[in-house]
Amino acid sequence: MKYAYYPGCSLSATGVEFNMSTLALARKLGVELREIPQWNCCGASYSHNRGHLFAIALPARNLALAEREKLEVAVSCAACYNKLKAAREAVKSSPEMKEKINRVLNMEYNATYDVLSSVEVFGKRYGLDNISARVTKPLTGLRVASYYGCLLVRPPQLAMDDQENPSSIDDIIGALGGTAVDWSHKVECCGAFHSTYNSKAGFHVIGDILAAAAESGADCITVACPLCMLNLDMRQANVNRQRKTKYKIPIFYFTELMGLAMGILPKELGIQKHFVNPGPLLRAKALA
Amino acid sequence: MGSKTVKKSNLVNISTLFTESRSFVAMVRQESGVDEKDCYQCGKCSAGCPLAFDMDYMPREIMRMLQLGMVDDILHSHTIWLCSHCITCYSRCPRSVDLPRIMDTLRLEAIKRGHAPEKQIKLFGDLFLWSVRQFGRVFEMGLIMGFNLKSGQFFKDIMLGPAMLLNRKISLLPHKIADGGAVKEIFDRTKEMEREGGHS
Ligand code: SF4
Ligand code: SF4
């Protein structure tokens, strides 16, 4: 299995452990991820402030670069996945848009190869049975709330799973020997950057997600987006201050949990970089 | 209807306003590709919106105001800035109204006309795109620090700075990609094409 790999900006900064764990896991499983050379920012939701054509052209440059290698594109960050996939669909479904994008980029892009989230690459392509076969430290007794957020499951045309009750990350947790809890906030929005520029409202939204996870009896939350991680992990202290709560809920990228269950060292996965210390939980479950 | 009590000047104003608001609605329809008349006001969008509690108008109300052509109220609203683009509304809408795309179109128009009641959010978006233009990527440390500095809340995340550096999460210096100016060209060429009227 070989893919062009798009890390995205967050994965070289605040989400660096998502990059570390994705790459460590891929190495372990023999999935080849070739970083797209000189990739650029996908634009996130801010590219729309400069118009629709720009919002498609910016991510499309990366896809055009990957197409030269004749490879499908694997993306870990949920927001980047969404922007890249949207660009591919826009070009694929409209010859007029394709012509415009090729003109803007001054490159040929035909939308030939699909864009996949790393949840699909590992969970579907590599496969649950194969995952189970590689587990050396099962997540026995670990209750995990799988948090999908927005951009893996919306809008309907780009969703990689059910929009209201997705299960692909829960299935991976199951294959690792853990318990995926049933909970209410799987697909609620984390508020994105509201925690930075409109923090009272931002912390409120994050607080509701943490409260729902706590109520479900989960030991931890697993995510597939660096912004969800930043909000739930780094901003947990802010939520505790706002709500007078004492949450200490460890947050993991699903790739970190996969890596742990397959015996990759926490340090190699970047787990020591989290704000909420996962050490006590991992020791209690004999995972570190 | 020919009533003698209505002054002529008022009639002129109303009809000018009416024309203006209809052309605004038509422009939004054209730019977003969404027909505002598709919305039948069920309110499902507002019910699921994660930021509704912080908005001045509910997402459903924005649709109604658009149907009625209430240009000024829409373009001065906080709602179009507070939308986090989570796509919950569109995903659940029984009429498949792409509300986030409408919000994008309205925000873009508000920017063009110089309205931005949510100054911080506007600033953040500007800095984000500035970074992409300069470096080809978003330099997160610069973005967060630059934002806090310019928005006058420099001390807000100051405690997070050392922790981030300690965790080696963010680098202090930006790294420019060797794209031969390709990203800058995307900025410039899309603008040119939109000016030519070749936008979609
Ligand atoms: S959910 Fe759709 S149809 Fe219902 S009010 Fe919202 S936009 Fe209109
Ligand atoms: S996309 Fe915007 S308006 Fe729609 S539910 Fe999300 S935040 Fe609300």
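Please read these numbers as outputs of a predicted model, since none were measured by experiment.

1. What to know about the overall build of chain B
- Along its length, chain B carries 11 helices and zero strands.
- Of the regular secondary structure in chain B, the N- to C-terminal order runs α-α-α-α-α-α-α-α-α-α-α.
- Counting only residues that meet the buried cut, chain B has 48% of its 200 residues in that class.
- Looking at chain B alone, contacts between residues at least 24 apart form 64% of all its contacts between residues at least 6 apart.
- Only carbon and sulfur atoms are counted for the fraction: they give 57% of the accessible area of chain B, which is about 10500 Å².

2. Observations regarding the overall build of chain A
- The helix and strand tally for chain A stands at 14 helices and eight strands.
- Its C-alpha atoms give chain A a radius of gyration of 19 Å, within 12% of the compact-globule value 19 Å for 288 residues.
- Taking the principal axes of the C-alpha coordinates as reference, chain A spans close to 55 × 45 × 30 Å.
- Taking contacts inside chain A between residues at least 6 apart in sequence as the whole, the part at least 24 apart equals 76%.
- For chain A, the accessible area works out to roughly 9900 Å², and carbon and sulfur atoms hold 49% of it.

3. Considering the packing of aromatic side chains
- Across all of its chains, the model carries 12 aromatic pairs over all chains by this definition.
- When the centroid spacing of 6.3 Å and the interplanar angle of 80 degrees are considered together, the rings of A:Phe18 and A:Phe254 count as edge-to-face. Residue A:Phe18 is located in helix α1 (residues 16–29), and its partner A:Phe254 is located in helix α12 (residues 254–261); the two are separated by 236 residues in the primary sequence.
- One residue, A:Arg50, lies across the ring of A:Phe54, its end atom 5.5 Å from the ring centre.
- Positioned above the aromatic ring of A:Trp39 is the side chain of B:Arg137, whose terminal nitrogen or guanidinium carbon lies 3.4 Å from the ring centre.

4. A word on the sheet that holds strand β8 (residues 251–253) of chain A
Residue and element names in this part refer to chain A.
- Spatially, the four strands line up as an open sheet ordered β6-β5-β7-β8, and their pairing is parallel. The sheet is open, and its two borders are formed by β6 (179–180) and β8, each paired with just one other strand.
- The sheet contact formed by strand β7 (residues 220–223) and β8 spans three bridges and is parallel. Bridge pairing in β8 places Val223 opposite Tyr253.

5. So, the site of ligand 2
- In the region of ligand 2, the neighbouring residues are B:Cys49, B:Pro50, B:Pro59, B:Cys83, B:Ser84, B:His85, B:Cys86, B:Ile87, B:Cys89 and B:Met103.
- By residue class, the composition of the shell around ligand 2 is eight nonpolar, two polar and no charged.

6. Points about the domain arrangement of chain A
Residues and elements named next belong to chain A.
- Taken as a whole, chain A is organised into domain 1 (2–118) and domain 2 (131–284).
- Each of domain 1 and domain 2 was reduced to a C-alpha centroid, and the two centroids are 24 Å apart.
- Taken together, the contact between domain 1 and domain 2 spans 26 residues of the former and 28 residues of the latter.
- Where domain 1 packs against domain 2, one counts zero salt bridges.
- Scanning the region where domain 1 abuts domain 2 turns up eight residue pairs in polar contact (both at pLDDT 80 or more).
- For the side of domain 1 that touches domain 2, the secondary-structure elements that each account for two or more residues are α1 and α3 (78–93).

7. A short note on the environment of B:Lys37
Residues and elements named next belong to chain B.
- In this structure, Lys37 sits in the loop between α1 (8–32) and α2 (44–48).
- In this structure Lys37 comes out as exposed when scored by relative accessible area, which is 53%.
- Residues Lys37 and Arg64, spaced 27 residues apart in sequence, show a C-alpha to C-alpha distance of 9.1 Å.
- When near neighbours in sequence (up to four residues on either side) are disregarded, Lys37 contacts Arg29 and Gln67.

8. Examining helix α7 (residues 99–112) of chain B
Residue and element names in this part refer to chain B.
- Between its first and last C-alpha, α7 extends 20 Å over 14 residues, near the 20 Å set by a 1.5 Å rise per residue.
- Among the 14 residues that make up α7, 12 are buried, leaving the element largely enclosed by the rest of the structure.
- Listing the buried residues of α7 in full gives Leu99, Pro100, Arg101, Ile102, Met103, Asp104, Thr105, Leu106, Arg107, Leu108, Glu109 and Ala110.
- Following α7 by one or two positions, Gly114 adopts a phi angle in the positive range, close to 80 degrees.

9. A look at the nonpolar core
Residues and elements named next belong to chain A.
- Counting 167 residues, the largest nonpolar core has Val73, Leu176 and Ile221 as the members making the most contacts within it.
- If one sorts the elements of this core by residue count, helix α2 (residues 52–68) sits on top with 10 residues.
- Residues in contact with Ile221, not counting those within four places in the same chain, are Ala145, Tyr147, Leu210, Ala213, Leu232, Ile249, Pro250, Ile251 and Phe252.

10. Examining the sheet that holds strand β1 (residues 2–6) of chain A
Residue and element names in this part refer to chain A.
- One open sheet accounts for four strands, arranged β2-β1-β3-β4; its pairing is parallel. Because the sheet does not close on itself, it has two edges, and the strands there are β2 (32–35) and β4 (115–117). Within this sheet the neighbouring strands show an average axis-to-axis angle of 40 degrees, counted without direction.
- When β1 meets strand β3 (residues 73–75), the two strands line up parallel, connected through three bridges. Opposite Tyr5, over in β3, you have Ala74 as the bridge partner.

11. As for the interface of chain A and chain B
- Each partner contributes residues to the interface: chain A has 58 residues there, and chain B has 55 residues.
- Summed over both sides, the interface of chain A with chain B buries roughly 5400 Å², with 62% coming from carbon and sulfur.
- In terms of surface lost to chain B, no three residues of chain A exceed A:Asn49, A:Arg50 and A:Tyr197, which account for 13% of the buried area on that side.
- Our count for the chain A to chain B interface comes out at one salt bridge.
- In this structure, B:Arg92 engages A:Glu164 in a salt bridge whose closest nitrogen and oxygen atoms are separated by 2.8 Å.
- Run the count over chain A and chain B and you get 16 residue pairs in polar contact (both at pLDDT 80 or more).
- Of all the elements in the fold, those that place two or more residues in the side of chain A that touches chain B are α1, α2, α4 (95–105), α8 (194–197), α9 (199–215) and α10 (226–234) of chain A.
- Per-element tally for the side of chain A that touches chain B: the top contributor is α2(A), with six residues.
- Along the lines of polarity and charge, the residues of the side of chain A that touches chain B split into 26 nonpolar, 23 polar and nine charged.

12. Digging into the pattern of salt bridges
- Counted according to the given criterion, the structure contains 22 salt bridges over all chains.
- Here B:Arg29 ties to B:Glu36 by a salt bridge, and the two come within 3.0 Å at their closest N and O atoms.
- B:Asp188 is paired through a salt bridge with B:Arg133; the nearest N and O atoms lie 3.1 Å apart. Here B:Arg133 lies in helix α8 (residues 119–135) and B:Asp188 lies in helix α11 (residues 182–195), a separation of 55 residues in the sequence.
- Residue class for B:Asp188 comes out partly exposed when judged on its relative accessible area of 35%.
- Look at the salt bridges and you will find they share partners, linking A:Lys85, A:Arg88, A:Glu89 and A:Asp114 into a network.

Rules used throughout
- Residues numbered from 1 in each chain as written.
- Chains lettered and ligands numbered in written order.
- Predicted model: local features only at pLDDT ≥ 70, side-chain atom pairs only at ≥ 80, totals over all residues.
- Heavy atoms only, no water.
- Helix = DSSP H or I, 4+ residues; strand = E, 2+ residues; numbered from the N terminus.
- Buried < 20%, exposed > 50% of the residue type's maximum accessible area, 1.4 Å probe, protein only.
- Contact = heavy atoms within 4.5 Å.
- Areas by Shrake-Rupley, 256 points an atom, 1.4 Å probe, with all protein chains shown as cover.
- Rg over C-alpha atoms; globule rule 2.2 N^0.38 Å.
- Phe/Tyr/Trp six-rings, centres within 6.5 Å; stacked < 30°, edge-to-face > 60°.
- Lys NZ or Arg CZ within 6 Å of the ring centre and 35° of its normal.
- Pairing = 2+ DSSP bridges.
- Near = heavy atom within 4 Å.
- Nonpolar A, V, L, I, M, F, W, Y, C, P; charged D, E, K, R; others polar.
- Domains from an automatic or database assignment.
- Salt bridge = Lys/Arg side-chain N within 4 Å of Asp/Glu carboxyl O.
- Polar contact = N/O pair within 3.5 Å; in protein donor to acceptor, adjacent residues only side chain to side chain.
- Expected span 1.5 Å × (residues − 1).
- Core = buried A, V, L, I, M, F, W, Y, C linked by side-chain atoms within 4.5 Å.
- Axes fitted to C-alpha atoms, helices over the stretch in contact; angles between N-to-C directions.
- Buried area = accessible area lost by both parts, 1.4 Å probe.

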